[in-house]
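Residue-level structure breakdown
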Amino acid sequence: MLKFSVNLSLLFRERPLLERFASARAAGFGAAEIQVPYEWPAGEIARAANEASLPVVLINAPLGPDSSSPGMACRPEHRAAFRESLERAAEYAEALRAPCVNVLTGRAAGAEREQCLGLLVEHLSLAAEVLARVGSRPLLEMINPHDVPGYCITSFDAAMEILSRSDPRLGLQFDIYHAARLGLDPAAAFSAVHERVAHVQFADSPGRHEPGTGALDFNRIFAAIEQTGYTGWLGAEYHPSVQTADTLDWLRTRCAPQAAVPGAQDARGR
């Protein structure tokens, strides 16, 4: 059976972040992910997660000196800041016992792209070393260029090529919404890369709202993912079109409220 996590940076925004864990647990989610947790002390987040029995399975690494930046792993002018950001990400991953950290690349286009790709390989491999110290692993995500123009990795072919050149501990973060925005069949795209996928996220397309608001057939997509034997989390990362509680029919029809997965609070086997 597929297991679903919730992105608390986007869902349950009717409440302050630390109160969202209990709301999400009551709604039936089995785990949480947070895009940018660094505005709150790691200990407070960990306490809220533990009290709700809702483990954190994914965070993003710091995005960069500019809050609107889509990451900085490929940017040569941010070498020092990126290395510092890895230590910050490791601190939070350890405190939250988060097994995965999404390392966003930043923008790169034109003549600088090849240089940026080389640096991305170097930085992702460094991320694997730093995060391994706390039992976590970095992920690489493909993001569609319509939503983030100039993003460094805008196809699964490019992502897989970078992964082939990087530390083997890296995983692929597969986002159903981004696949659809490229005009791909998400089910077929997932099947082609599933052996490297460590985490899945989803939203309907167009609109990036909850399943049922766009054109995607999630029953077929979820079935295709399940058929590959994928055992990781599927993260609901959408913008609710109404109150979050009123967007969860897809979850209620997929499964009853999920019991916390045995050992999920320490998903790294420690």
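What this report covers is the structure whose coordinates are included nearby. The structure presented is a predicted model; accordingly, all values stated were derived computationally and were not measured.

**Focus on the environment of isoleucine 34**
Here isoleucine 34 shows up in strand S2 (residues 31-34). Placed 17 residues apart in sequence, isoleucine 34 and leucine 17 show a C-alpha to C-alpha distance of 9.4 Å. The contacts of isoleucine 34, once residues within four sequence positions are left out, are Ser9, Phe21, Ile45, Leu58, Ile59 and Asn60.

**What to know about the environment of alanine 26**
Among the secondary structure elements, alanine 26 is positioned in helix H1 (residues 17-27). Accessibility expressed as a relative area gives 65% for alanine 26, which makes it exposed. C-alpha of alanine 26 to C-alpha of leucine 54: the two residues are 28 residues apart in sequence and 9.9 Å apart in space.

**A word on unusual backbone geometry**
For the bond from serine 205 to proline 206, the omega torsion is 0°, close enough to zero to count as cis. Inspection of the secondary structure assignment puts proline 206 in the loop between strand S7 (197-202) and helix H8 (218-227). We note that arginine 97 has phi near 55°; this positive angle belongs to a residue other than glycine. Counting through the fold element by element, arginine 97 comes out in the loop between helix H3 (79-96) and strand S4 (100-102).

**Brief notes about the state of the cysteines**
Scanning the entire structure with this criterion turns up zero disulfides. With no disulfide of its own, cysteine 74 lies 4.1 Å from the sulfur of cysteine 152, the closest cysteine sulfur. In this structure cysteine 116 is a free cysteine whose sulfur lies 4.4 Å from that of cysteine 74, the closest cysteine sulfur available.

**Let's talk about the pattern of salt bridges**
Scanning the entire structure with this criterion turns up 14 salt bridges. Across the pair arginine 15 and glutamate 19 runs a salt bridge, and its minimum N-O distance is 3.5 Å. Owing to a relative accessible area of 42%, arginine 15 belongs among the partly exposed residues under this scheme. A salt bridge links arginine 75 to glutamate 77; the nearest nitrogen and oxygen atoms lie 3.0 Å apart. Judged by relative accessible area, arginine 75 falls into the buried class, the value being 14%. Put simply, Arg75, Glu77 and Glu112 are held in one network by salt bridges that share partners.

What counts and how
Residues numbered from 1 in each chain as written. Predicted model: local features only at pLDDT ≥ 70, side-chain atom pairs only at ≥ 80, totals over all residues. Heavy atoms only, no water. Helix = DSSP H or I, 4+ residues; strand = E, 2+ residues; numbered from the N terminus. Contact = heavy atoms within 4.5 Å. Buried < 20%, exposed > 50% of the residue type's maximum accessible area, 1.4 Å probe, protein only. Disulfide = S-S within 2.5 Å. Salt bridge = Lys/Arg side-chain N within 4 Å of Asp/Glu carboxyl O.

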